Amino acid sequence: SIRTCADPPRTRACERVHRFAPSMDGATTGYIAVAKGDADHIEVDGYRPKVRDHVPIAFSPTAAARARFRNHPEEEEMIVLEVHSVEEKLVDRELGRLNCTQLASRHLRSGMVFERKPVDYEDVPCHLCGGEIPPSERGKVGRWHFWKGAFLVIPCANLECRERQKERQEWLDATPPQTLYHQTDPESAKKILGSGKMIRGRCGVVGGGIYFAETPRETEWKAESKGIVLECQVKTGRHLLLDRSKEDPSLTFADLLRRGHDSVLMDRGVCMKGPHKGKKAGNEWIVYSWDQVQVLKEVPRDPVP
């Protein structure tokens, strides 16, 4: 569930980035989709293809899930595991494969950055249909859980909910991603770069989301925490256009999805204080699920002279 602050700050968001993030050793090389029922033991025992003489991988989670569903349509539900710390000489990027016959467990991970405790979602129904979500499916933040090639932000078993999330995936894939910027403190940036994932905050001017600027300089007056600017590719899909007069701290991912939107584009008007006072503040983009963000790299800050 998404909790909002009773008294949200005037700045962007109360960040809660990777509070319980484990160590993410090694950059992600690619992705392997496996049947949901096999994911746990493959992560422990390693991966061995049943018919091929090489390990097939994809270079995006969605591509991995869709390839698996295309080849195994009877397996509607799957988990995409991250492949990491593999020697580059084994990677054939043109053919989408590793030139090896099996992959040891030390090169596989679920991608989960932390697991929420039951108190975070106890007695909270599905935000879309109001139905019950099995506790075993909840709280696994950062795990790539797919159904028919669509990422399940809400792991609800209700078919209508899943179809709505499948439609969302299609819209996100049909819209070119945007290059956007997010500034945060060095400690949080290290965790984000280590895991490759950016987790939404608890509150903000349009709810607990992930807030972005269109240029590094604009992060200087938008960011609540300072130090490191991250360049990201963001899937904004169908955006809801708002201006400063329509701030809504109660807005959630489910609210947007019910209204047919995937992100918020907010016109922030002009800066009210600081060295840029009176000048245009710049647009702000907000998304509510980490799967819409690909963290690319750290870039230099661009402070106002």
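What you are looking at is a predicted structure, and each value in this text was computed from that prediction instead of being measured.

## Quick look at the pattern of salt bridges
Summed over all chains, the structure comprises 24 salt bridges. One salt bridge connects glutamate 167 with arginine 238, and the closest N-O pair in it is separated by 3.6 Å. Here glutamate 167 is found in helix α3 (residues 159-174), whereas its partner arginine 238 is found in the loop between β15 (228-234) and β16 (239-243), with 71 residues between them in sequence. Here glutamate 167 falls in the partly exposed class, since its relative accessible area comes to 38%. Across the salt bridge formed by glutamate 187 and lysine 191, the nearest N and O atoms sit 3.5 Å from each other. On the criterion of helical spacing, the pair formed by glutamate 187 and lysine 191 is a turn pair, its members being four residues apart in helix α4 (residues 186-195). Here glutamate 187 falls in the exposed class, since its relative accessible area comes to 55%. With a relative accessible area of 31%, lysine 191 lands in the partly exposed category. Connected through salt bridges with shared partners, the residues Lys222, Glu247, Arg268 and Glu284 form a single ionic network.

## Notes on the sheet that holds strand β3 (residues 55-56)
Ordered in space as β3-β6-β5, the three strands form an open sheet in which the pairing is antiparallel. The outermost strands of the open sheet, each flanked by one partner alone, are β3 and β5 (91-92). For β5 and strand β6 (residues 97-98), the ladder comprises two bridges, and the chain directions are antiparallel. Paired with aspartate 92 across the strands is arginine 97, a residue of β6.

## Quick look at the nonpolar core
Among the nonpolar cores identified, the biggest contains 20 residues, and Val206, Val264 and Tyr288 are the most heavily contacted of them. Those elements that place two or more of their residues in this core are β16, α6 (253-258) and β17 (263-267). Top contributing element to this core by residue count: α6, with four residues. With near-sequence residues (within four places) excluded, valine 264 lies in contact with Val206, Leu240, Leu242, Leu251, Leu256, Glu284, Trp285, Ile286 and Tyr288. By size, the runner-up hydrophobic cluster in this structure holds 16 residues, among which are Val34, Tyr47, Ile57 and Val86.

## Looking at the environment of cysteine 271
Here cysteine 271 is to be found in the loop between β17 and β18 (283-287). Given a relative accessible area of 8%, cysteine 271 falls into the buried group. Taking C-alpha positions, cysteine 271 is 50 Å from aspartate 40, a pair spaced 231 residues apart along the chain.

## A look at helix α2 (residues 61-71)
At 3.6 residues per turn, the α-helix brings residues three or four places apart onto the same side. Of all the positions in α2, only Pro61, Thr62, Ala64, Ala65 and Arg68 are classed as buried. The buried residues of α2 occupy one face: seen down the axis, they fall within an arc of 160 degrees. On the buried face of α2, the contacting elements are β2 (28-35), β4 (77-84), β10 (144-147) and α3.

## Some details on the packing of aromatic side chains
Two aromatic rings, taken as a pair, are described by how far apart their centres are and by the angle between their planes. All told, the structure shown has six aromatic pairs when counted by the stated rule. Residues tyrosine 31 and tryptophan 144 carry aromatic rings whose centres are separated by 6.4 Å and whose planes lie at 80 degrees to one another, so their mutual orientation is edge-to-face. Of this pair, tyrosine 31 sits in strand β2 while tryptophan 144 sits in strand β10, and the two are 113 residues apart along the sequence. Taken together, a centroid distance of 6.3 Å and an interplanar angle of 20 degrees make the contact between tryptophan 144 and phenylalanine 146 stacked. With a relative accessible area of 9%, tryptophan 144 lands in the buried category. In this structure phenylalanine 146 comes out as buried when scored by relative accessible area, which is 0%. The rings of Tyr31, Trp144, Phe146, Phe151 and Trp290 are connected pair by pair, giving a single aromatic cluster.

Cut-off values and rules
Residues numbered from 1 in each chain as written. Predicted model: local features only at pLDDT ≥ 70, side-chain atom pairs only at ≥ 80, totals over all residues. Heavy atoms only, no water. Salt bridge = Lys/Arg side-chain N within 4 Å of Asp/Glu carboxyl O. Helix = DSSP H or I, 4+ residues; strand = E, 2+ residues; numbered from the N terminus. Buried < 20%, exposed > 50% of the residue type's maximum accessible area, 1.4 Å probe, protein only. Pairing = 2+ DSSP bridges. Core = buried A, V, L, I, M, F, W, Y, C linked by side-chain atoms within 4.5 Å. Contact = heavy atoms within 4.5 Å. Arc of directions from axis to C-beta. Phe/Tyr/Trp six-rings, centres within 6.5 Å; stacked < 30°, edge-to-face > 60°.

These figures capture arrangement, not role.
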